[in-house]
2 protein chains.
Amino acid sequence: MLSEFDLIQRYFNRPVTGIPLGIGDDAAIIAPKPGKELAISTDCLVAGQHFFENTNPYKLGYKALAVNLSDMAAMGAVPRWVTLALALPRSLIDHHESWLDEFSRGFHELAALHQVSLIGGDTTAGPLNICVQIIGEVNQGRWLRRSGAKPGDDIWVSGCLGDAALGLKHQLRELVLTDEEAAHCLLALDMPSARVALGQRLIELAHSAIDISDGLVADLGHILSCSGQSATVELETVPGSEIMKRYLPSTLAIECLTAGGDDYELCFTAPKENQSAIRQLGQELKVPLTIIGEIKSQKSQKPELIIYGIKGEKIVLEKKGYDHFTS
Amino acid sequence: MLSEFDLIQRYFNRPVTGIPLGIGDDAAIIAPKPGKELAISTDCLVAGQHFFENTNPYKLGYKALAVNLSDMAAMGAVPRWVTLALALPRSLIDHHESWLDEFSRGFHELAALHQVSLIGGDTTAGPLNICVQIIGEVNQGRWLRRSGAKPGDDIWVSGCLGDAALGLKHQLRELVLTDEEAAHCLLALDMPSARVALGQRLIELAHSAIDISDGLVADLGHILSCSGQSATVELETVPGSEIMKRYLPSTLAIECLTAGGDDYELCFTAPKENQSAIRQLGQELKVPLTIIGEIKSQKSQKPELIIYGIKGEKIVLEKKGYDHFTS
């Protein structure tokens, strides 16, 4: 049987350069550059809660890192270092080869793509729980925040929303997609793109930003409450894929589009004078960027988010987004 | 029912000073001081693996932080910031008041004692899993490592070893302690002291250090393999409490003393000329510090750890320490 030490050596200890001390002591040591501040975030994936126990381990390794990269994207930070805390069921420890080979391959591949180094962590037996902590660099005082939205700002989102939620509903058999549709939507669910490059470039252009992990309405809601503002959104403009469009305007599709979790696109607000610079940035990075609404002054006690349908009618949503506890 | 946001606000979001951005965005932002390097470590406690499901939540909150502080102690780092990733079973989310009140109280109390700030984390539903990541500061290039032991170094340990293991054996009914003995040993198990101040002072005095979390033999073994050295230890000198002495020299007690996990004392090696300075430091900090053996040149292919009994006989241990996978 593999010891904890052997497992770390075999699957996770990879050469790391540019830090004083990596895996193998009581802590890793990093040396932040002068003038840099560090963005710190942590996001866990728990079996049965965030994924099905039988999820492809390659995709799971990929996604565990991707969701954390997405937090760095939302801060405009350059992701640099990660630690991985892994609780593994006995069955996976006993028959580790294929699962850990694939899990670590997915993790390391995405890490290499973003030049992120795995510098430490913890492994233990227990119900499958994958916890990644990520550390990124920002220039002093220069990061994207949730709290900077101003009245008159355009509200933008990157990419297309809701495909991951369609994929999940297909898995849960609440919806039947064709094989080709399912392949696309499950890829969006399992291997999301973190908009890391976009986030970094938005520091100069956006007033506020968040990544859409719990659904557009919930996450835009966080921008509003942190900024003390209200907003209007035109449902018609919220970008959906060609597949999404086939299912709109069904209630279920609208729910996926506006309140589906796991999109990992960025939602950000920016002054109108930056419209052309942002469009140009989207072309340069080959990321679709779409204006979906506008920030308004908060008139009542609470921020208000009004969604208008195609005929100008106000839309009341049944589901506001994903809450890890009440869902 | 409490939402994830409300839960964080109520139990974990406490005022933090001295950092640019705390809880409530996609990441926290910290500003390392010039000339400082950061020590990063993560340690998780999993129900059924590290603690019994019915463990007192106050003590659990305390211990989850203490084991991470101990890693900072072993590096000689000043602990500064922590994140907490918490997976909570539905039963605890539904009946959260007493459990989370107590858990967060234990966590925050120890954090306040060490002036450590909780700056972020993640909460999710799932089997109980408590993952803390800690970040500490060290001066550039000045930290304790496992790899610096040199032939002729004294091997030291702080405090007394094995009481936590006695407490665990009592809980597992492998041993019956008196009520008074059990109270002492369970306190050692549930609320370990992290030797944070000691670790920082040892930077000037020690060649190598580790915290004893998996048992003396296993953790001293890590120093030896990282340093490429061998060692001898005199069993008679390994410090045990008055309670431990009552059970010595039974095999079970020797096992607790030398291979019991959860001690969170420091094991370190230092040149002989530092003996009096180290004794003085122990007096100043009111921490017992004891020499238990000596580092020897490694003669064979692998580091060798020889333990001598009272009559000079070599002792062969059945159990080398705690492995999270093979135990």
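In what follows, the structure referred to is the one given above.
If you're wondering where the values come from, they're calculated on a predicted model, not measured in any experiment.

**Re empty space enclosed by the protein**
Thinking step 1. This model, assessed by the stated rule, comprises four cavities of 30 Å³ or more.
Thinking step 2. By volume, the largest cavity amounts to about 70 Å³.
Thinking step 3. Lining the largest cavity we find 13 residues, and of these A:Thr42, A:Cys131, A:Gln133, B:Thr42 and B:Gln133 sit closest to its centre.
Thinking step 4. If you list the elements that add at least two residues to the lining of the largest cavity, you get strand E3 (78-88) and strand E5 (129-139) of chain A together with strand E3 (78-88) and strand E5 (129-139) of chain B.
Thinking step 5. Counted by class, the lining of the largest cavity contains seven nonpolar, six polar and no charged residues.

**Things to note about the interface of chain A and chain B**
Thinking step 1. On the chain B side, the residues contacting the 64 residues of chain A number 64 residues.
Thinking step 2. Of the roughly 4900 Å² buried where chain A meets chain B, counting both sides, 60% is carbon and sulfur surface.
Thinking step 3. On the surface where chain A and chain B come into contact, there are four salt bridges.
Thinking step 4. With its nearest N and O atoms 3.1 Å apart, the salt bridge here joins B:Arg146 to A:Asp26.
Thinking step 5. Between chain A and chain B we count 16 residue pairs in polar contact (both at pLDDT 80 or more) in total.
Thinking step 6. For the side of chain A that touches chain B, the leading source of residues is strand E2 (residues 36-46) of chain A, giving 10 residues.
Thinking step 7. Considering only residue class, the side of chain A that touches chain B consists of 35 nonpolar, 16 polar and 13 charged.
Thinking step 8. Where strand E1 (residues 28-30) of chain A meets strand E2 (residues 36-46) of chain B, three bridges bridge the pair, whose relative direction is antiparallel. Bridge assignment links A:Ile29 to a residue of E2(B), and that residue is B:Ala39.

**Quick look at the pattern of salt bridges**
Thinking step 1. On inspection of all chains with the given rule, the structure shows 34 salt bridges over all chains.
Thinking step 2. The salt bridge involving A:Glu137 is made with A:Lys33; its shortest N-O contact spans 3.4 Å. Note that A:Glu137 is positioned in strand E5 and A:Lys33 in the loop between E1 and E2, a separation of 104 residues in sequence.
Thinking step 3. On the accessibility criterion, A:Glu137 (6% relative accessible area) is buried.
Thinking step 4. A relative accessible area of 42% means that A:Lys33 is categorised as partly exposed.
Thinking step 5. With a closest N to O distance of 2.9 Å, B:Glu284 and B:Arg201 form a salt bridge. One end of the pair, B:Glu284, is in helix H11 (residues 275-285); the other, B:Arg201, is in helix H7 (residues 196-202), with 83 residues separating them in the sequence.
Thinking step 6. Looking at B:Glu284, the relative accessible area reads 49%, which means it is partly exposed.
Thinking step 7. A cluster of three or more residues bridged by salt bridges with shared partners is formed by A:Asp154, A:Lys272, A:Glu294 and A:Lys296.

**As for the packing of aromatic side chains**
Residue and element names in this part refer to chain A.
Thinking step 1. Throughout the structure, instances matching the rule amount to nine aromatic pairs over all chains.
Thinking step 2. When the centroid spacing of 6.3 Å and the interplanar angle of 75 degrees are considered together, the rings of Phe12 and Phe103 count as edge-to-face. Of this pair, Phe12 sits in helix H1 (residues 4-12) while Phe103 sits in helix H4 (residues 96-113), and the two are 91 residues apart along the sequence.
Thinking step 3. Residue classification places Phe12 among the buried positions, given a relative accessible area of 4%.
Thinking step 4. With 5.9 Å between their ring centres and 5 degrees between their planes, Trp156 and Phe268 make a pair best called stacked. With a gap of 112 residues between them, Trp156 in strand E6 (residues 154-158) and Phe268 in strand E9 (residues 265-270) connect regions that are remote in the sequence.
Thinking step 5. Overall, the relative accessible area of 0% leaves Trp156 in the buried class.
Thinking step 6. Each residue in the set Tyr11, Phe12, Trp99, Phe103 and Phe107 is aromatic and connected to the rest through ring pairs, giving one cluster.

**Let's talk about the state of the cysteines**
All names here are of chain B.
Thinking step 1. In the structure shown here, the tally under the stated rule is two disulfides over all chains.
Thinking step 2. Here Cys44 connects covalently by a disulfide to Cys131, the sulfurs 1.9 Å from one another. In this pair, Cys44 is assigned in strand E2 and Cys131 in strand E5, connecting sequence segments 87 residues apart. An identical accessibility class is assigned to Cys44 and Cys131; each is buried.
Thinking step 3. Counting only cysteine sulfurs, Cys226 is the nearest neighbor of Cys267, a cysteine outside any disulfide, at a range of 12 Å.

**Observations regarding the relation of the copies chain A and chain B**
Thinking step 1. Its rotation angle being 180 degrees, the transformation that places chain A on chain B also includes 0.0 Å of axial translation and leaves an RMSD of 0.0 Å. Both copies of the chain, as the preceding transformation shows, are related through a two-fold rotation axis.
Thinking step 2. When the interface residues of chain A are mapped onto chain B, 100% of them are again interface residues, pointing to one common binding face.

**Considering helix H2 (residues 57-75) of chain B**
Helical geometry: 3.6 residues make up each α-helical turn, so side chains three or four residues apart lie on a common side.
Residues and elements named next belong to chain B.
Thinking step 1. Its 19 residues place the ends of H2 28 Å apart at the C-alpha level, agreeing with the 27 Å of an ideal helix rising 1.5 Å per residue.
Thinking step 2. Among the 19 residues in H2, 18 count as buried, and that is most of the element.
Thinking step 3. Where H2 begins, one side-chain oxygen reaches toward the backbone nitrogen of Tyr58, 2.8 Å away; that side chain belongs to Asn56.
Thinking step 4. Positive phi appears at Gly76, one or two residues downstream of H2, with a value of about 75 degrees.

Analysis parameters
- In this numbering scheme, every chain counts its residues from 1 along its sequence in written order.
- To read the labels, note that chains go from A and ligands from 1, taken in the order they are written.
- pLDDT decides what is reported in this predicted model: residues at 70 or higher carry local features, side-chain atom pairs at 80 or more are listed and counted, and totals for whole chains, interfaces and linings draw on all residues regardless.
- As a convention, hydrogens and water are excluded, and side-chain values are obtained from all of the structure's heavy atoms.
- Buried and open spaces are told apart on a 1 Å grid over the protein atoms alone, a cavity being a set of points where a 1.4 Å probe fits but cannot get out and a pocket being an open set with protein on both sides within 12 Å along at least five of seven lines. Residues with an atom within 4 Å of a point are the lining residues.
- Grid points are joined across faces, edges and corners, and a volume is the space filled by probe spheres set on the points.
- By the criteria applied, helices consist of DSSP H or I runs no shorter than four residues and strands consist of E runs no shorter than two, each listed in order from the N terminus.
- Classes in brief: Ala, Val, Leu, Ile, Met, Phe, Trp, Tyr, Cys and Pro nonpolar; Asp, Glu, Lys and Arg charged; the others, Gly included, polar.
- Throughout, a contact is declared for two residues whenever any of their heavy atoms are within 4.5 Å.
- Defined in terms of a 1.4 Å probe, buried area is the accessible area two parts forfeit on being brought together, summed over both.
- By definition, a salt bridge exists where a carboxyl oxygen of Asp or Glu is found within 4 Å of a side-chain nitrogen of Lys or Arg.
- Identification of polar contacts relies on pairs of N or O atoms within 3.5 Å, with a donor-acceptor requirement for protein atoms, meaning one able to donate a hydrogen and the other able to accept it, and with residues adjacent in sequence counted only if both atoms are side-chain atoms.
- By the convention used here, strands pair only if DSSP detects at least 2 bridges between them.
- Working definition: with a 1.4 Å probe on protein chains only, accessible area under 20% of the residue-type maximum means buried, over 50% means exposed, and in between means partly exposed.
- Two rings belonging to Phe, Tyr or Trp (six-membered ring only in the last case) form a pair when the distance between their centres is within 6.5 Å. Interplanar angles under 30 degrees mark stacking, angles over 60 mark edge-to-face geometry, and anything in between is tilted.
- Disulfide: a pair of cysteine sulfur atoms within 2.5 Å of each other.
- A least-squares superposition brings the copies together, and it is based on the C-alpha atoms of residues with pLDDT no lower than 70 in both.
- One less than the number of residues in a helix, times 1.5 Å, gives the span that helix is expected to have.

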